[in-house]
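Chain by chain, the residues run as shown.
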Amino acid sequence: MATSTLSIDLDAIQANWRALDRVSASGVQTAAVVKADAYGLGAERVAPALARAGARRFFVAAAEEGAGLRAILGPGPQIAVLSGHMPGDTGLIRDADLTPMLNSVDQATRHLETLPGHAFGVQLDSGMNRLGLEEGEWEAVAPFLLEAGPELLMSHLACADDPAHPLNAEQLETFLRMTEGTGLPRSLAATGGILLGPQYHFDLTRPGIGLYGGLPFAGAAPVVGLGLPVIQTRMVRPGEAVGYSCTWVARKPSLIATAAAGYADGVIRSLSGKATVYAGDVPCPVVGRVSMDLITVDVTHLTAMPAMLELIGPHQSIDTLADAAGTISYEILTRLAGRLTRFYHEAKA
Ligand SMILES: *Cc1c(COP(=O)(O)O)cnc(C)c1O
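Remember, predicted model here, so these are calculated numbers, not experimental data.

Thresholds applied
- Think of each chain on its own: its residues are numbered from 1, step by step along the sequence as written.
- With pLDDT at 70 or above as the cut-off, local features in this predicted model cover only qualifying residues; side-chain atom pairs require 80 or more to be listed or tallied, and sums for whole chains, interfaces and linings still use all residues.
- Hydrogen atoms and water are omitted, and side-chain values are computed over all heavy atoms in the structure.
- The pairing test for Phe, Tyr and Trp rings, Trp by its six-membered ring, is centres within 6.5 Å, and the orientation test on the planes gives stacked under 30 degrees, edge-to-face over 60, and tilted for anything in between.
- A run of H or I in DSSP becomes a helix once it reaches four residues, and a run of E becomes a strand once it reaches two; helices and strands are each numbered from the N terminus.
- Here's how the labels work: a residue is buried when its accessible area is under 20% of the maximum for its type, exposed when over 50%, partly exposed in between, all with a 1.4 Å probe on protein chains only.
- Note on definitions. A residue lies near a molecule or strand when any single heavy atom of the residue is within 4 Å of it.
- In protein, a polar contact requires one atom able to donate a hydrogen and another able to accept it; more generally it is a pair of N or O atoms within 3.5 Å, and residues adjacent in sequence count only if both atoms are side-chain atoms.
- The Shrake-Rupley method, run with a 1.4 Å probe, gives the accessible areas here. Residue values count only the displayed protein chains as cover.
- Side-chain classes follow a simple rule in which Ala, Val, Leu, Ile, Met, Phe, Trp, Tyr, Cys and Pro form the nonpolar group, Asp, Glu, Lys and Arg form the charged group, and the remainder, Gly included, forms the polar group.

A. Quick look at the packing of aromatic side chains. Considering all chains together, one arrives at three aromatic pairs under this definition. Relative to Tyr 212, the ring of Tyr 39 has its centre 4.7 Å away and its plane inclined at 35 degrees; by these criteria the two rings are tilted. Here Tyr 39, found in helix α2 (residues 35-39), pairs with Tyr 212, found in the loop between β10 (204-205) and β11 (224-236); they are 173 residues apart in sequence, far enough to count as distant. Overall, the relative accessible area of 7% leaves Tyr 39 in the buried class. Overall, the relative accessible area of 1% leaves Tyr 212 in the buried class. Plain terms: the ring middles of Phe 175 and Phe 202 are 5.1 Å apart, the flat faces sit at 90 degrees to each other, and that makes the pair edge-to-face. In this pair, Phe 175 is assigned in helix α8 (residues 166-179) and Phe 202 in the loop between α9 (191-196) and β10, connecting sequence segments 27 residues apart. The pair Phe 175 / Phe 202 is uniform in exposure class, with both members buried.

B. Molecular detail of the site of the ligand. Residues in close proximity to the ligand total 14 residues, the closest being Lys 35, Tyr 39, Thr 191, Ile 209 and Tyr 330. One of the side-chain N or O atoms of Tyr 330 is found 2.6 Å from an oxygen atom in the ligand. Relative to its unbound accessible area of 390 Å², the ligand is 91% covered by the protein chains. A per-class count over the shell around the ligand returns eight nonpolar, three polar and three charged.

Below, the structure written as structure tokens:
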């Protein structure tokens, strides 16, 4: 078999959801963010596992994702759409019973005109300047939007992964000012915000990356493993180059293993010459360019050649790999591609 194996531990995802749920008080609801196919791990398996753990509210980015998720989860759980109500979304929102988080006066008008009486929330911009009504707009439309009965007022923190960042407290203050006296359920915290403390929790939290084992939830159980089968090994003489553009040249006789995963699988090309893979406990450097389907690894120092090399697993977390690639674990996860053979672990009840 020349495809790499991606193992996804659904028990660990459930444990992470419960652990993040325990961080906030019992009156605070913990949702689950499953946008981008549950951060690349497969909403079809991940979302039902989260529902079994106790999640009752799910967030996706787009109405199309919401409709797919409704087919997976069936009626019951609330599915909130972070991009709100876009032109062309009305049928999906109605038929899949989605709850758009309205981001602008345009969206509010569209929603109340096309689907009067249909559930919605409102996203407020408290300082990230990405999505949501700004303070002045909100003041202008709040009377008629509040009259229509939003289920949730929410906002999103720009710097919650850095507890010392002054914008956290500023956004908290702005969100409080924009929502006080409404008496409506409120939500501000994603994974990072949950860890900032109880004043950030409000009525509902929205963890994503922490469920999937990523920072800033340092206490997360690891979720993902990625093992690469070795297709062949060869001796390379001093002066010979390995891979595209000859970026790595052997200085001594070297044993090079070619393993079956490349940038088309999510082993992003910026890992060229930077990543480490593990043969059992032994680290081995990736040498030369990452190609579309393959990487080359210097295994000269190994006493025995394993059938599989570990790229993500007990020896290397998604965050360590992300650091080597100059990115974040979110991008490592969401790039993991459909070609990988997926194994889901879940203890039978
Ligand atoms: C992606 C996202 C989340 C989840 O964030 P994590 O950092 O992955 O926990 C929550 N809320 C909004 C608005 C988001 O866009």
